[in-house]
Amino acid sequence: MFLRIALAAFVIAAAHATPAPRATLAAASGARPAAPAGNAAPAGSVRTAPTGGAAACGSPYLVDQALPNGARWRMCWEMRTIEGLTLNHVVYTPRGGAPQNVLRSAALAQIHVPYDSGEPRYHDLGSLGESAIALTAADCPGGERRGTYVCVTTRARGHAHLKDGFGDEEARRSRQGEELVVLSGYQVGWYAYVAEWVFGDDGSITPRLGATGSLAGTVTTPGHGWPIGVGRRHFEESHSHNVFWRLDFDVDAATRDAVEQYDFAGTGTKRRFMVRTRFATETRAVNRRMRWWRVLDPRALNADRHPISWEIDNSDSAEYRGPADEAFTRADLYVTQYHACERLATQNPLPRCRNSVDRYVSGERLTDPVVWVNVDFHHVARDEDADPMPVHWQGFRVLPRDVTAKNPSP
Amino acid sequence: MRGVMMLAVSAGAVATITAAVLLLPGDGGPPSARAELPAAVSPAPGDPLTPDEIRRAGDIATDAGPRAHFAAGRAELLYVERDDGKSDEGARRAEAYVYDYGTDTLTVRTVDLARGKVVREVSGTGTQPPPSKREETRAAELILAHPRLGEGMRAAYQRAAGKPLRSTADLWLRGLIYTAPRGDCAEHRCVRLFVRLPDGTFLDTSRVVADLSAKKVHILEW
């Protein structure tokens, strides 16, 4: 009987079509600005021995991009067999300031895809490097393809700031922002994923993943899906994309980094109080309204003698919570002590190492923290998701907090 | 919980097919990270491995293993990744993933490329890195060798392409690891396969799992 079910299951899924190339971004064209001059006005860093020394990699793996407002990002990329696009040695230089080490390594760490009827449940990594989609010029508007699978480009990000002059044109301040994008695409079954790393000229980092390509075409009952065919015959099964990123922050250097959690106590009251929790040991944390985290090196200070830090905001998750044997779904952020063998959030590929991120949290003292961010998207299909399925994005934000003593943008 | 029904497949047929798709390392080389440079003269410390480094690391790692297991097709080099651990940033090191289907043991050998030798070896069971390209092909061969699933796959291909399926090379394949808390796939190397046909459609293979260790196909029940 089961065999018959399986044979019947050889149903042809929805026809696949190539996603349309994205529109060209006019703002990303034109000459690149020169690197900020060494004698530009200091933005507030007091570091005497700049971090972020010589680049660890050469062409075509080195990305070194100055943006029009004088901010500069430098990093090395690698297309790894398992994790796909991986960024190493990410260094941010604010206008007029010294280079700041931010991330030693950053990559996707898993895409967990459970369907609403309970099955199937996929772990989409997958040799991502082997799944990489060859990019065309249209996939990389205004930018430069590095080899076949990676695009490095810049694009407009809207207003960087706006401050009225109240009638005084000289005093009016308005500036359009720009961002650097490093992206690659992966074909995993009927889905195509677009993985972007966005580096803003305001020092922000936005990792995000877009899902496009085709729907699975899996038919289910009305309780688990949405009718996408004519009438009410084909109910496409709803499912989650639970995406994990691994961020190995090395603020200033590999040691001494700390992670803090911020909450604002006071519900139903006018007054709110900031509550700071420093994680001394490995931790799992869940999202709360207004909650955020930051990674800092307590001894690396800006000109105001405030610790240089990187804030993590993860307020955009559907917060899927799975069964007991998927305990990795039960937190939104994990902080673990660095271990070279801990690379993926689930189905970790290295032997004699724990298997999933929830189990990496084992009470170790934190001196070199790795942050794992889990952002979930629940996809309830709609008629518009017919081929080529419009991209849906999920991601989070990393913001500089006191990297400079003031806004470094001119 | 999900149940798994095992379907024994004609062992002889599968053995023949597996022998045909198993290649020894060096016979065309393992699938590898996508190196973008034509063999770089001298890579920087943080550069991805060059094709030459990948080849050398694979050779050194397989030389270090029991040759008989490789020769018998029992063990296989899956792929080679750059070791980008933080302990020795300047060194060019590679990690070779070797899987032994007889004992379901994964061995990762770290090769120091400057010294040309294995400097670290870690082995264990219960760890399943993503499937390699060769394993995806082998999983498709197992399904094709299954009397009824194979028939279904051939018929679907014929409908989609208007001509008979010649080999797995006609199919676009992508494999993902399947693990289960209990049963064969708790220990074995089990692969779920996405199969795209020439007309752009996908087979629904969500219940089909190829067990590369047992050389069987499991049908998931839920």
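Cut-offs used in this document
Residues numbered from 1 in each chain as written. Chains lettered and ligands numbered in written order. Predicted model: local features only at pLDDT ≥ 70, side-chain atom pairs only at ≥ 80, totals over all residues. Helix = DSSP H or I, 4+ residues; strand = E, 2+ residues; numbered from the N terminus. Buried ≥ 20, exposed ≤ 12 C-beta atoms within 10 Å, placed from the backbone. Contact = placed C-beta atoms within 7 Å. Pairing = 2+ DSSP bridges. Axes fitted to C-alpha atoms, helices over the stretch in contact; angles between N-to-C directions. Core = buried A, V, L, I, M, F, W, Y, C linked by C-beta atoms within 7 Å. Domains from an automatic or database assignment. Nonpolar A, V, L, I, M, F, W, Y, C, P; charged D, E, K, R; others polar. pLDDT = per-residue confidence, 0-100. UniProt positions renumbered as here; feature names shortened; annotations may be inferred. Expected span 1.5 Å × (residues − 1). Arc of directions from axis to C-beta. Parallel < 35°, antiparallel > 145°, perpendicular 65-115°, else oblique.

**With respect to the overall build of chain A**
- A count of helices and strands for chain A gives 3 helices and 22 strands.
- Considering chain A as a whole, with its 410 residues, one finds that 46% of them fall into the buried category.
- A sequence separation of at least 24 residues applies to 66% of the contacts in chain A between residues at least 6 apart.

**Digging into the overall build of chain B**
- The number of helices and strands found in chain B is 5 helices and 9 strands.
- The order of α-helices and β-strands along chain B, N terminus first, is β-α-α-α-β-β-β-β-α-α-β-β-β-β.
- For chain B, with 222 residues in total, the buried portion stands at 49%.
- Partitioning the intrachain contacts of chain B with sequence separation of at least 6 by distance along the chain shows that 58% fall at a separation of at least 24.

**Regarding the sheet that holds strand S2 (residues 75–82) of chain B**
Residues and elements named next belong to chain B.
- Taking strand neighbours across the sheet as the criterion, the 4 strands line up as S2-S3-S4-S5 in an open arrangement whose pairing is antiparallel. Every other strand in the sheet has two partners, leaving S2 and strand S5 (117–125) as the edge strands with one partner each. Geometrically, the sheet is characterised by an average inter-axis angle of 20° between neighbouring strands, direction not taken into account.
- Sheet strands in contact with helix H2 (residues 51–63) are S2, strand S3 (93–100), strand S4 (105–112) and S5, and its direction is about 50° off that of S3.

**A few points about the nonpolar core**
- Among the nonpolar cores identified, the biggest contains 140 residues, and Val182(A), Val371(A), Trp372(A), Ala96(B), Ile143(B) and Ala210(B) are the most heavily contacted of them.
- No other element matches the 8 residues that strand S4 (residues 100–114) of chain A contributes to this core.
- Residue contributions to this core reach at least three from each of two domains, namely domain 1 (3–15 + 132–221) and domain 2 (32–125) of chain B.
- In this structure, Ala210(B) is in contact with Ala139(B), Leu142(B), Ile143(B), Cys190(B), Val191(B), Leu193(B) and Val217(B), ignoring residues within four places of it in sequence.

**A short note on the interface of chain B and chain A**
- Listed as interface residues are 53 residues of chain B and, on the opposing side, 57 residues of chain A.
- For the side of chain B that touches chain A, the element with the most residues is helix H5 (residues 147–161) of chain B, which contributes 4 residues.
- Considered class by class, the residues forming the side of chain B that touches chain A number 25 nonpolar, 13 polar and 15 charged.

**A closer look at the confidence of the model for chain A**
- Looking at chain A as a whole, its pLDDT mean stands at 89, while 87% of the residues score no less than 70.
- In this model residues 1–50 of chain A is a low-confidence stretch, pLDDT under 50, and it forms 113 contacts with partners more than four residues away in sequence or in other chains.

**Some points on the domain arrangement of chain B**
Residue and element names in this part refer to chain B.
- As far as domains go, chain B holds domain 1 (3–15 + 132–221) and domain 2 (32–125).
- Taken together, the contact between domain 1 and domain 2 spans 6 residues of the former and 6 residues of the latter.
- Each residue belonging to the side of domain 1 that touches domain 2 can be placed in one class, and the counts come to 1 nonpolar, 3 polar and 2 charged.

**What about unusual backbone geometry?**
Residue and element names in this part refer to chain A.
- Each neighbour pair has its own omega, and for Ser 59 with Pro 60 the value is 0°, a cis peptide bond.
- Checked against the element boundaries, Pro 60 lands in the loop between helix H1 (2–8) and strand S1 (62–66).
- Omega for the peptide link from Leu 125 to Gly 126 comes to 20°, which places this bond in the cis form.
- Tracing the backbone through its elements, the reader meets Gly 126 in the loop between strand S5 (121–123) and helix H2 (128–131).

**A look at the environment of Arg121(A)**
All names here are of chain A.
- Structurally, the position occupied by Arg 121 is in strand S5.
- For Arg 121, a count of 17 C-beta atoms within 10 Å translates into the label partly exposed.
- Among residues more than four places away in sequence, those in contact with Arg 121 are Pro 114 and Tyr 115.

**Structural notes on the UniProt feature "domain: Copper amine oxidase catalytic" (unreviewed entry) in chain A**
- Under the feature "domain: Copper amine oxidase catalytic" (unreviewed entry), the UniProt entry names residues 168–409 of chain A.
- For residues 168–409 of chain A, helix accounts for 2% and strand for 48%, while the C-alpha atoms at its two ends are 20 Å apart.

**Here we look at the environment of Pro349(A)**
- Mapping Pro349(A) onto the fold places it in the loop between strand S19 (333–337) and helix H3 (357–360).
- According to the C-beta neighbour criterion, Pro349(A) is buried, with 25 such atoms within 10 Å.
- Excluding its chain neighbours within four sequence positions, the residues that come into contact with Pro349(A) are Ile82(A), Arg343(A), Leu344(A), Thr127(B), Pro129(B) and Pro130(B).

**Quick look at the pairing of strand S3 (residues 84–93) of chain A**
Residue and element names in this part refer to chain A.
- Counting buried positions along S3 gives 9 out of 10 residues, so the element sits mostly inside the fold.
- Where strand S2 (residues 72–80) meets S3, 8 bridges bridge the pair, whose relative direction is antiparallel. Within S3, the residue paired with Trp 77 across the bridge is Leu 87.
- Counting the residues in the hairpin turn of S2 and S3 gives 3 residues.

**Side note on the confidence of the model for chain B**
Residue and element names in this part refer to chain B.
- Summing up the model confidence of chain B, the mean pLDDT is 85 and the portion of residues at 70 or higher is 82%.
- Within the model, the stretch residues 1–33 combines pLDDT values under 50 with 82 contacts to residues more than four positions away or in other chains.
- Overall fold confidence for the complex sits at a pTM of 0.87, while the interface term, ipTM, reaches 0.86.

**Things to note about the pairing of strand S18 (residues 307–313) of chain A**
Residues and elements named next belong to chain A.
- The pairing of strand S17 (residues 292–301) with S18 spans 5 bridges and is classified as antiparallel. Paired with Trp 293 across the bridge in S18 is Ile 312.
- Hairpin geometry of S17 and S18 is characterised by an intervening segment of 5 residues between the two adjacent antiparallel strands and by a positive phi of about 60° at Arg 305.
- Both S18 and strand S22 (residues 397–401) contribute to a ladder of 5 bridges, which runs antiparallel. When the bridges of S22 are listed, Glu 311 appears paired with Leu 399.

**With respect to H2(B)**
Residues and elements named next belong to chain B.
- Along its 13 residues, H2 runs 18 Å from first to last C-alpha, staying within 8% of the 18 Å computed at 1.5 Å per residue.
- By the burial criterion, the buried members of H2 are Glu 53, Ile 54, Ala 57, Gly 58, Ala 61 and Thr 62. Down the axis of H2, the buried side of the element spans an arc of 150°, and every buried residue falls inside it.
- Looking at the packing, one finds that the buried side of H2 touches helix H3 (67–71), S2, S3, S4 and S5.

**A look at the environment of Val335(A)**
All names here are of chain A.
- Among the secondary structure elements, Val 335 is positioned in strand S19.
- On the basis of neighbour count, Val 335 is assigned to the buried category, with 23 C-beta atoms found within 10 Å.
- As a C-alpha pair, Val 335 and Gly 158 span 177 residues in sequence and 33 Å in three-dimensional space.
- Those residues within four positions of Val 335 in sequence are excluded, and the remaining contacts are Val 259, Phe 279, Glu 282, Thr 283, Leu 366, Pro 369 and Val 371.

**Section: the packing of helix H4 (residues 133–145) of chain B against H5(B)**
Residues and elements named next belong to chain B.
- It is at 5 Å that the axes of H4 and H5 come closest, and there the two elements cross at 105°. Judged by the inter-axis angle, H4 sits roughly perpendicular to H5. Contacts between H4 and H5 involve Ile 143, Leu 144 and Ala 145 on the former and, on the latter, Leu 149, Gly 150 and Met 153.
- For the contact of H4 with H5, the residue count by class is 5 nonpolar, 1 polar and no charged.

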